[in-house]
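# Survey of secondary and tertiary structure
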Amino acid sequence: MKKDNYKVAVLPGDGIGPEVVSQAVNVLQAVADSSDFTVELVYAEVGGIALEKYSNPLPAETLETCKNSDAVLLGAIGDPRWDNMPSDMRPERGLLGLREGLGLYANLRPAKVYPSLVDASSLKKELVEGIDILIIRELTGGIYFGQPRGIDNEKGSGYNTMVYSEHEVERIAKVAFDAAMKRNKKVMSVDKANVLEVSQYWRKIVMQTAREYPEVQLDHMYVDNCAMQLIRWPKQFDVILTGNMFGDILSDEASMLTGSLGMLPSASLGDGSGLYEPVHGSAPDIAGQNIANPIATIASIAMMLQHSFSRLKEADAIQDAISNVLNQGFRTKDIAATDSKVVTTKEMGQLLVDNVKKLLS
């Protein structure tokens with residue numbers, strides 16, 4: 001019987017990206033070797049390293065490679081050397097271009113606390129124990145893409161435009177409601193409808209879309225209140241639905257409920273190949289030291305298996321392997337406690353490879 005073959009574009013990127021991606025690739029290969037499919041890896045460059053080589057944060061060849069793949073694995077983007085460059089010549093423009101070029105309008109960011117890491121959170125145990133939140137952020141609209149935008153030096157002002165169409169709001173709302181149907185059937189739509197007309201429109205379309213999902217409880221919350229409530233009582237949330245800028249901020253806040261950005265994966269989905277990446281940045285201060293936490297990138301592989309390949313058994317095996325390794329006391333430096341068995345990036349990757357193989361054998 002012929003095996004399925006999945007083509008994966010691998011974009012290591014900047015900073016710690018290559019280190020964590022290499023461990024994630026090892027886990028993906030271990031899963032494939034233990035299952036009935038194969039993976040073809042195609043490497044490409046994006047971000048600061050692409051700027052350095054090609055004077056373009058997203059070379060056309062990279063985008064084409066991603067379009068011709070079944071899924072994309074990204075490490076991290078960002079490099080201090082380019083911080084003072086114009087916006088279209090910064091590494092981050094490569095990520096925005098990927099989202100736009102691949103039609104990725106839905107960003108899924110789970111914030112889940114592993115039982116063995118409850119004490120790693122800066123919040124009290126009773127607040128974070130059992131947290132399982134899914135933030136769904138609209139990715140290709142809103143203030144990051146709205147026109148007009150720019151800097152008018154003659155008038156002494158800078159400006160951006162926050163705009164959403166009915167189509168953009170409806171499709172991201174459907175992603176949230178569909179996800180809620182597989183969870184606890186609760187959606188919290190977050191906006192700023194008391195001030196912004198665009199948020200008033202957002203709320204109107206979300207409410208219209210909700211009629212198609214009578215089983216799902218829909219509530220609304222202003223973004224400033226949501227930021228507070230995520231710290232005050234995070235367990236009240238199931239699925240959080242919000243726009244591009246608000247989602248960017250809230251998802252980073254929610255990630256810290258778990259104790260470390262190094263633990264959280266993400267998936268960006270839409271019309272083209274899904275893009276999977278850790279929530280954390282490129283962390284240039286620790287790059288090359290073999291101390292970065294690869295778990296978020298490896299958990300992103302689990303999301304890839306789930307959403308792009310419909311390989312639920314294998315996705316669960318990766319999540320179970322992460323839990324097993326953490327339960328055994330192994331930690332990278334960023335999540336280590338006084339009694340932890342501190343391991344390197346490569347050692348953590350190997351522990352997870354070994355666990356996945358056992359689980360799938």
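Refer to the structure printed above.
For the structure given in this document, a descriptive report is provided here. Because the structure is a prediction, the values reported are computed rather than measured.

### Observations regarding the environment of P214
Take P214: it is sitting in the loop between α7 (197-210) and β9 (217-222). Since its relative accessible area comes to 74%, P214 is described here as exposed. For the pair P214 and F177, spaced 37 residues apart in sequence, the C-alpha to C-alpha distance is 10.0 Å.

### Looking at the sheet that holds β9
With mixed pairing, 10 strands are arranged side by side in an open sheet as β2-β1-β3-β12-β11-β4-β5-β10-β8-β9. Each edge of the open sheet is held by one strand with a lone partner, namely β2 (37-43) and β9. Across the sheet, the mean angle separating the axes of adjacent strands is 25 degrees when strand polarity is ignored. Pairing of strand β1 (residues 4-13) with strand β3 (residues 71-76), which is carried by five bridges, proceeds in the parallel orientation. Looking at the pairing, L11 lines up with L74 of β3.

### Here's the deal with the environment of L134
Within the fold, L134 resides in strand β5 (residues 132-138). For L134, a relative accessible area of 9% gives the class buried. Taking the C-alpha atoms as reference points, L134 and S121, separated by 13 residues in sequence, lie 18 Å from one another. Residue contacts for L134: discarding those within four places in its chain leaves L108, R109, P110, A179, R183, D238, V239 and I240.

### Quick notes on the nonpolar core
Burial of nonpolar side chains together is a common tendency in soluble globular proteins. If you look at the biggest cluster of nonpolar residues, it comprises 70 residues, and the most contacted ones within it are L305, I318 and L352. Ignoring anything within four residues of it in the chain, the contact list for L305 reads L28, V31, F37, S310, R311, E314, A315 and I318. If you look at the next biggest cluster of nonpolar residues, it comprises 20 residues, including V113, I133, I135 and A254.

### Considerations on the pattern of salt bridges
Per the counting criterion, the structure on display carries 15 salt bridges. R183 is the salt-bridge partner of D132, the closest N and O atoms lying 3.4 Å from each other. Of this pair, D132 sits in strand β5 while R183 sits in the loop between α6 (166-181) and β8 (186-191), and the two are 51 residues apart along the sequence. It is possible to trace a salt-bridge network through shared partners that takes in D4, D36, R311 and E314.

### A word on the packing of aromatic side chains
Applying the stated criterion across every chain yields a total of four aromatic pairs. Centroid distance F177 to Y213: 5.1 Å. Interplanar angle 20 degrees. Geometry classified as stacked. Of this pair, F177 sits in helix α6 while Y213 sits in the loop between α7 and β9, placing them 36 residues apart in sequence. According to the relative accessible area criterion, F177 is buried, its value standing at 0%. Through successive ring pairs, a cluster of aromatic residues spans Y6, F37 and F309.

### Quick word on helix α8 (residues 223-232)
The complete set of buried residues in α8 reads V223, C226, Q229 and L230. Around the axis of α8, the buried residues are gathered within 110 degrees of arc, so they sit on the same side. Where the residues of α8 are buried, they touch β5, β8, β9, β10 (239-242) and α9 (244-255).

### Focus on the pairing of β2
In the sheet, β1 pairs with β2 via seven bridges, with the strands oriented parallel. In the sheet register, Y6 faces β2, and the bridge partner there is V39.

### Considerations on the packing of helix α10 (residues 295-307) against helix α11 (residues 312-327)
In the contact formed by α10 and α11, the axes pass within 7 Å of each other and the chain directions differ by 160 degrees. The orientation of α10 with respect to α11, classified from their angle, is roughly antiparallel. Note that α10 runs across α11; the crossing there is left-handed. On α11, the residues touching I295, I298, A299, I301, A302, L305 and Q306 of α10 are L312, E314, A315, I318, Q319, I322 and L326. By residue class, the composition of the contact of α10 with α11 is 11 nonpolar, two polar and one charged.

### Points about α9
A rise of 1.5 Å per residue sets the reference length of α9, with its 12 residues, at 16 Å; its end C-alpha atoms lie 16 Å apart and thus fit the reference within 8%. If you check which residues of α9 are buried, you get N244, F246, G247, L250, S251, E253, A254 and S255. Each element contacted by the buried residues of α9 is listed here: β4 (104-112), β5, β8, α7, α8 and β10.

Definitions and limits used
Every chain is numbered on its own, with residues counted from 1 as its sequence reads. Residues qualify for local features only when their pLDDT is at least 70, as the model is predicted, and side-chain atom pairs are given and counted only at 80 or more; totals for whole chains, interfaces and linings, by contrast, use all residues. Where side-chain values are given, they derive from all heavy atoms of the structure, hydrogens and water being excluded. Secondary structure elements follow DSSP: runs of H or I of four or more residues count as helices, runs of E of two or more count as strands, with numbering from the N terminus. Accessible area is worked out with a 1.4 Å probe on protein chains only. A residue is then buried under 20% of its type maximum, exposed over 50%, and partly exposed in between. Whether two strands pair depends on DSSP finding at least two bridges between them. Fitting a line to C-alpha atoms yields each axis, with helices limited to the stretch in contact; the angle taken between N-to-C directions then spans 0 to 180 degrees. Any two residues whose heavy atoms approach within 4.5 Å at even a single point are treated as in contact. Buried Ala, Val, Leu, Ile, Met, Phe, Trp, Tyr and Cys residues form a nonpolar core when they are joined through side-chain atoms within 4.5 Å. One side-chain nitrogen of Lys or Arg within 4 Å of one carboxyl oxygen of Asp or Glu is enough to make a salt bridge. Only the six-membered ring of Trp is used, alongside the rings of Phe and Tyr, when aromatic pairs are assigned; centres must lie within 6.5 Å, and planes under 30 degrees apart are stacked while those over 60 apart are edge-to-face, with the rest tilted. Working definition: the arc comes from the directions between the helix axis and the C-beta atoms, pointing outward to the latter. Comment on the angle field: the value is read as roughly parallel under 35 degrees, roughly antiparallel over 145, roughly perpendicular from 65 to 115, and oblique elsewhere. Should the near helix be turned anticlockwise from the far one by less than a right angle, the crossing is left-handed, and should it be turned clockwise, the crossing is right-handed. By the convention adopted, Pro, Cys, Tyr, Trp, Phe, Met, Ile, Leu, Val and Ala count as nonpolar, Lys, Arg, Asp and Glu as charged, and the other residues, Gly among them, as polar. To estimate how far a helix should reach, multiply one less than its number of residues by 1.5 Å.

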